[in-house]
Amino acid sequence: MKKIFIAALVATVGLSANAQTKGKAVPAKKPAATVKPIAKPTFKTNIDSASYALGLNVANNFKSGGASSLNYELFSKGLKDAFASANPSLTAEQCQQAVVRFFEEAGKEKYGATINEGKTFFAKNKTKAGVHTTASGLQYEVITQGTGSKPKATDRVTVHYKGTLLNGTQFDSSYDRGEPATFGLNQVISGWTEGLQLMPEGSKFRFFIPQNLAYGSRATGGIPPFSALIFEVELIKIEQ
């Protein structure tokens, strides 16, 4: 059936060419190069199929983080060294640092528009009346000034809050849940750790948090990687 279809296709092309070039010499065409199909891998054992599946899973996870390629030879060597319990070429700390840098660089390339949107926003926002900027780049404005004590970084606090992206999309709200949240200031993003220490009890502030003081390259809870965030935070109580 395939040969019949190809023959019919060739005949159709030839008739069309003759109809358009009556009385004219048609230059001879070079035969098309034969493209060999890529052979599919052969899975003889479950280890074979599982190995391939693991490779796909790892690559897809890396791609979702912004990676577009790897040094496959060294990636393979890392796998072999680990399974062989060989002396690694990098320490555990160096491995972690290398992976973090890799995904930060890959993510910055993939999410460059998001990063630039944040930079543009903060450059403009800091010129607005009532907006204060700290040395770290955190920006805030006072909605209600309380009269109580200010928390320390080691304190636990109870707050009501609402969080949005720069485009106004809300991703979290204790108000919507109907109850405030309690947590340690050393257990949250650095923008919160710094910002809430500026708030006396009874205050309500609006914080504009750059991506590097928020979740950075991580995606979490409806927050895309490298997103700058806006929070309205009401400091209800410093826990004893």
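In the nomenclature of an unreviewed UniProt entry, the protein corresponds to Peptidyl-prolyl cis-trans isomerase from the organism Pedobacter albus. Heading Catalytic activity (unreviewed entry) of the UniProt record for the protein holds this comment: "[protein]-peptidylproline (omega=180) = [protein]-peptidylproline (omega=0)". Under the UniProt heading Sequence similarities (unreviewed entry), the note attached to the protein is "Belongs to the FKBP-type PPIase family."

Engineer: Whenever I open this one, the layout of surface pockets confuses me. Can you help?
Structural biologist: Empty space within the largest pocket amounts to approximately 660 Å³. Looking at the largest pocket, it is lined by 17 residues, and the ones nearest its centre are Leu74, Phe75, Gly78, Leu90 and Val99. Elements with a contribution of two residues or more to the lining of the largest pocket: α3 (72–83) and α4 (92–110). Looking at which element gives the most residues to the lining of the largest pocket, the answer is α3, with six residues. Partitioning the lining of the largest pocket into residue classes produces 12 nonpolar, three polar and two charged. Reported here for the second largest pocket is a volume of approximately 280 Å³. What lines the second largest pocket is a set of 14 residues, among which Gly55, Val58, Ala59, Leu70 and Tyr72 lie closest to the centre. Looking at the lining of the second largest pocket, the elements with two or more residues in it are α2 (46–64) and α3. The element contributing the most residues to the lining of the second largest pocket is α2, with eight residues. Class assignment of the residues belonging to the lining of the second largest pocket gives a composition of nine nonpolar, four polar and one charged.

Engineer: So what exactly am I meant to see when it comes to the packing of aromatic side chains here?
Structural biologist: Any two aromatic rings considered together are summarised by their centre-to-centre distance and by the angle between their planes. Under the criterion given, the structure shown has 15 aromatic pairs. Both rings, one in Tyr111 and one in Phe226, keep their centres 6.2 Å apart while their planes meet at 40°; by these two values the pair is tilted. Of this pair, Tyr111 sits in the loop between α4 and α5 (112–125) while Phe226 is found in the loop between β6 (204–209) and β7 (229–239), placing the two residues 115 residues apart along the sequence. In this pair, the class of Tyr111 matches that of Phe226, namely buried. An angle of 90° between the planes, with centres 5.1 Å apart, marks the rings of Trp192 and Phe231 as edge-to-face. You can see Trp192 sitting in helix α7 (residues 190–196) and its partner Phe231 sitting in strand β7, a full 39 residues away along the chain. Among the residues examined, Phe231 registers a relative accessible area of 4% and is labelled buried. A connected cluster of aromatic rings, assembled from ring pairs, spans Tyr161, Phe171, Phe183, Trp192 and Phe231.

Engineer: In this structure, what is going on with the nonpolar core? I would like to understand it.
Structural biologist: One recurring pattern in soluble globular proteins is that nonpolar side chains are buried together. Counting residues in each nonpolar core, the largest one holds 24 residues, and the members touching the most others are Val159, Trp192, Leu196, Phe207, Ile209, Phe231 and Val233. If you list the elements that add at least two residues to this core, you get β3 (156–165), β5 (181–184), α7, β6 and β7. The contacts of Val159, once residues within four sequence positions are left out, are Ser174, Pro180, Ala181, Phe183, Trp192, Leu196, Val233, Glu234, Leu235 and Ile236. Of all hydrophobic cores here, the second largest spans five residues; its members include Val131, Phe208, Ala228 and Ile230.

Engineer: Explain the pattern of salt bridges here, please?
Structural biologist: A side chain of one charge can pair with a side chain of the opposite charge when the charged atoms of the two come close. Inspection of every chain in the model, using the stated rule, returns six salt bridges. In this structure, the salt-bridge partner of Lys152 is Asp155, at a minimum N-O distance of 3.6 Å. Salt bridges here are not isolated pairs; linked through shared partners, they connect Glu141, Lys204, Arg206 and Glu232.

Engineer: Would you mind showing me how to read the confidence of the model for the protein here?
Structural biologist: Do not read the fine detail of predicted coordinates wherever pLDDT is low. Across the protein, pLDDT averages 85, with 84% of residues at or above 70. Segment residues 1–27: pLDDT under 50, and one contact once partners within four positions in sequence are set aside and those in other chains are kept.

Engineer: What am I meant to see in the pairing of strand β2 (residues 139–144) here?
Structural biologist: Within a regular strand, side chains alternate between the sheet's two faces. Across two bridges, the pairing between strand β1 (residues 132–133) and β2 is antiparallel. Bridge pairing in β2 links His132 to Tyr140. Hairpin geometry of β1 and β2 is characterised by an intervening segment of five residues between the two adjacent antiparallel strands and by a positive phi of about 105° at Gly137. When β2 meets β6, the two strands line up antiparallel, connected through five bridges. Note on β6: the bridge partner recorded for Glu141 is Arg206.

Conventions we followed
- Residues numbered from 1 in each chain as written.
- Predicted model: local features only at pLDDT ≥ 70, side-chain atom pairs only at ≥ 80, totals over all residues.
- Heavy atoms only, no water.
- UniProt positions renumbered as here; feature names shortened; annotations may be inferred.
- 1 Å grid on protein atoms, 1.4 Å probe; cavity = no way out; pocket = protein on both sides within 12 Å on 5 of 7 lines; lining within 4 Å.
- Points joined across faces, edges and corners; volume = space filled by probe spheres on them.
- Helix = DSSP H or I, 4+ residues; strand = E, 2+ residues; numbered from the N terminus.
- Nonpolar A, V, L, I, M, F, W, Y, C, P; charged D, E, K, R; others polar.
- Phe/Tyr/Trp six-rings, centres within 6.5 Å; stacked < 30°, edge-to-face > 60°.
- Buried < 20%, exposed > 50% of the residue type's maximum accessible area, 1.4 Å probe, protein only.
- Core = buried A, V, L, I, M, F, W, Y, C linked by side-chain atoms within 4.5 Å.
- Contact = heavy atoms within 4.5 Å.
- Salt bridge = Lys/Arg side-chain N within 4 Å of Asp/Glu carboxyl O.
- pLDDT = per-residue confidence, 0-100.
- Pairing = 2+ DSSP bridges.

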